[in-house]
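Chain and residue survey
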Amino acid sequence: MGEFDLITHYFKTQQNPQRPDVALSIGDDCAILNCPPSQQIAITTDTMVEGTHFLPTISPKDLAYKALATNLSDLAAMGARPAWVSLALTLPKINQDWLKDFSEAFFEVLTKENVTLIGGDTTQGKLHCISITAQGLLPKGRALRRDKAQIGDYIFVSGTLGDSAAGLAFLLGKEITNLKNHDAPIFAKNYVISRHLRPTPRIALGQYLLDHNFSYCALDISDGLLADLGHILERSHCHAELDIEKLPYSEELARLFSQNDCEKLALTGGEDYELCFTVPATKIKDFQKAIASSDLPTQVTCIGRITEGKENKITLQRNGKVVDLSLTKGFDHFAK
């Protein structure tokens, strides 16, 4: 099977959603897209390399899901509606069983989100490498941006934090010496592993925040809450106060670790792909009322405030008392 046979067999398929805004798709030098006059295009690109971003043992189905989910999460953080993706796939060799599983899972996600694969490339290399460019639509002149936090805003996060970092540690087979319960139910370990392999991009939440004008500032948490919130503070030139006791973490994580360790994982663990966003004080009552009655498939939790400050620092508090930030710097919970 050659390169073009591979593309035709696995990626030029009836499973690919056919959006009306795609004028020309797979099979030519470029795709041609139609953008509505009242819309703008948000574009993001991520590359995942075997051994750096994913384990060689990952299943092709999980790999396809995660590669797409991480890109869609970037669009969600802007409030964009996902529309099109392109895929560049590097393979050590052609493995038809691997390609079948990968492409099936890939198109399952595309179908669910009504996203069309419009093109890409396949090459041979020493390691598996997946590069995806995802594009979404935004109302012209509007987006959730990192530089739009304002003093007095409330800081929220979606879902729960810390699961993915714990799941990765179990997948790596690391010696986790601080487990609260070494005989914890297997479902708790399986849950955090699944949260690492299959994060949920918060697409509906991002669109809800933008459509209802509840937020102007958001990002997705890929490098850990402290690191990613720091990006907002740097771009918005402000400070933040976080209430540690309000950090949301799952019941499964709490079955595995102490409260203190769960909080550290929530603050520093990466690849949760939850949204961190701000809500202006003038909108907080309307937002809380609206979110309580919405049918969004995720919880949101207020964990702090944006405050004045030129050093872009994060002050951690527990029940109103300041906690030394150095307690969480350089945290490596799973070090042997």
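By convention here, each chain's residues receive numbers from 1 onward along its written sequence. With pLDDT at 70 or above as the cut-off, local features in this predicted model cover only qualifying residues; side-chain atom pairs require 80 or more to be listed or tallied, and sums for whole chains, interfaces and linings still use all residues. Excluded from the side-chain calculation are hydrogens and water; included are all heavy atoms of the structure.

Here we come to the overall build of the chain. Secondary structure summary: the chain contains ten helices and 13 strands in total. Scaling as 2.2 N^0.38, a compact globule of 336 residues should have a C-alpha radius of gyration of about 20 Å, and the chain matches this with 21 Å. If you line up the chain on its principal axes, its C-alpha atoms span 65 × 50 × 35 Å. Three labels apply to residues, based on accessible area from a 1.4 Å probe with only protein chains included: buried if under 20% of the type maximum, exposed if over 50%, partly exposed otherwise in between. In the chain, which comprises 336 residues, the share counted as buried stands at 52%. Within the chain, contacts between residues separated by at least 24 positions form 86% of all contacts whose residues are at least 6 apart in sequence. Here, Shrake-Rupley sampling with a 1.4 Å probe gives the accessible areas, and only protein chains in the shown set may cover a residue. As presented, the chain carries roughly 16,000 Å² of accessible surface, and 49% of it is formed by carbon and sulfur atoms. In this charge count, Lys and Arg are treated as positive and Asp and Glu as negative; neither His nor the chain ends contribute. Taken as the charge centre is NZ of Lys, CZ of Arg, CG of Asp or CD of Glu, depending on the residue. Of the side chains in the chain, 34 bear a positive and 41 a negative charge, and the two mean positions are spaced by 4 Å. Starting at the N terminus, helices and strands are each numbered in turn, a helix being any DSSP run of H or I of at least four residues and a strand any DSSP run of E of at least two. Computation of the radius of gyration draws on C-alpha atoms, with the globule rule given as 2.2 Å multiplied by the number of residues to the power 0.38. Contacts were defined at the residue level, with two residues in contact if any of their heavy atoms lie within 4.5 Å.

Attention now goes to the packing of aromatic side chains. Only centres within 6.5 Å qualify two rings of Phe, Tyr or Trp (six-membered ring in Trp) as a pair; their planes then separate them into stacked at under 30 degrees, edge-to-face at over 60, and tilted for everything else. If you walk through the whole model with that rule in mind, you get ten aromatic pairs. With centroids separated by 5.1 Å and ring planes inclined at 80°, the aromatic side chains of Phe156 and Phe287 adopt a geometry described as edge-to-face. Of this pair, Phe156 sits in strand β7 (residues 154-158) while Phe287 sits in helix α10 (residues 284-293), placing them 131 residues apart in sequence. Phe287 shares its class with Phe156; the two are buried. Measuring from ring centre to ring centre gives 5.3 Å for Phe214 and Phe287, while their planes differ by 70°; the resulting arrangement is edge-to-face. Of this pair, Phe214 sits in the loop between α6 (203-211) and β8 (217-220) while Phe287 sits in helix α10, and the two are 73 residues apart along the sequence.

Turning next to the environment of Ile7. Looking at the element boundaries, Ile7 is found in helix α1 (residues 3-11). For the pair formed by Ile7 and Gln18, sequence separation is eleven residues and the distance between their alpha carbons is 17 Å.

Before going further, it helps to spend a moment on the nonpolar core. Note on terminology: a nonpolar core comprises buried Ala, Val, Leu, Ile, Met, Phe, Trp, Tyr and Cys residues joined through side-chain atoms within 4.5 Å. With 70 residues, the main nonpolar core has Phe11, Phe102, Phe106, Phe277 and Phe287 as its most contacted residues. A total of ten residues in this core trace back to one element, the largest contributor, which is helix α2 (residues 60-78). When neighbours within four sequence positions are excluded, Phe106 is seen to be in contact with Ala64, Leu68, Val85, Leu87, Leu117 and Ile132. Within the second largest apolar cluster, 25 residues are counted, among which are Leu161, Leu229, Leu242 and Val323.

Okay, the sheet that holds strand β3 (residues 39-49) next. The strand order β3-β6-β4-β5 describes an open sheet built from four strands, whose pairing is mixed. In this open sheet, the two strands that pair with only one neighbour each are β3 and β5 (116-124). Strand-to-strand twist across the sheet, computed as the mean angle between neighbouring axes with direction ignored, equals 15°. Paired strands, in this sense, are two strands between which DSSP finds at least two bridges. The sheet contact formed by strand β4 (residues 81-91) and β5 spans eight bridges and is parallel. Looking across to β5, one finds that Val85 is bridged to Leu117. Note on geometry: axes are C-alpha line fits, over the in-contact stretch for helices, and angles between N-to-C directions span 0 to 180 degrees. Packed onto the sheet, α2 meets β3, β4 and β6 (129-139) and runs at close to 145° relative to β3. In the packing of helix α3 (residues 96-113) onto the sheet, the strands contacted are β4, β5 and β6, and the crossing angle to β4 comes to about 170°.

The strand order across the open sheet built from seven strands is β8-β10-β7-β11-β9-β12-β13, with neighbouring strands paired in mixed fashion. The open sheet has two free edges, formed respectively by β8 and β13 (321-323), since each of these has just one partner strand. Neighbouring strand axes in the sheet, compared pairwise and without regard to direction, differ in orientation by 30° on average. Across four bridges, the pairing between β7 and strand β10 (residues 275-279) is antiparallel. Residue pairing for β10: Val157 is matched across the bridge by Cys276. Helix-sheet contacts for α6 involve β7, β10 and β11 (300-307), and the interaxial angle to β10 is about 15°.

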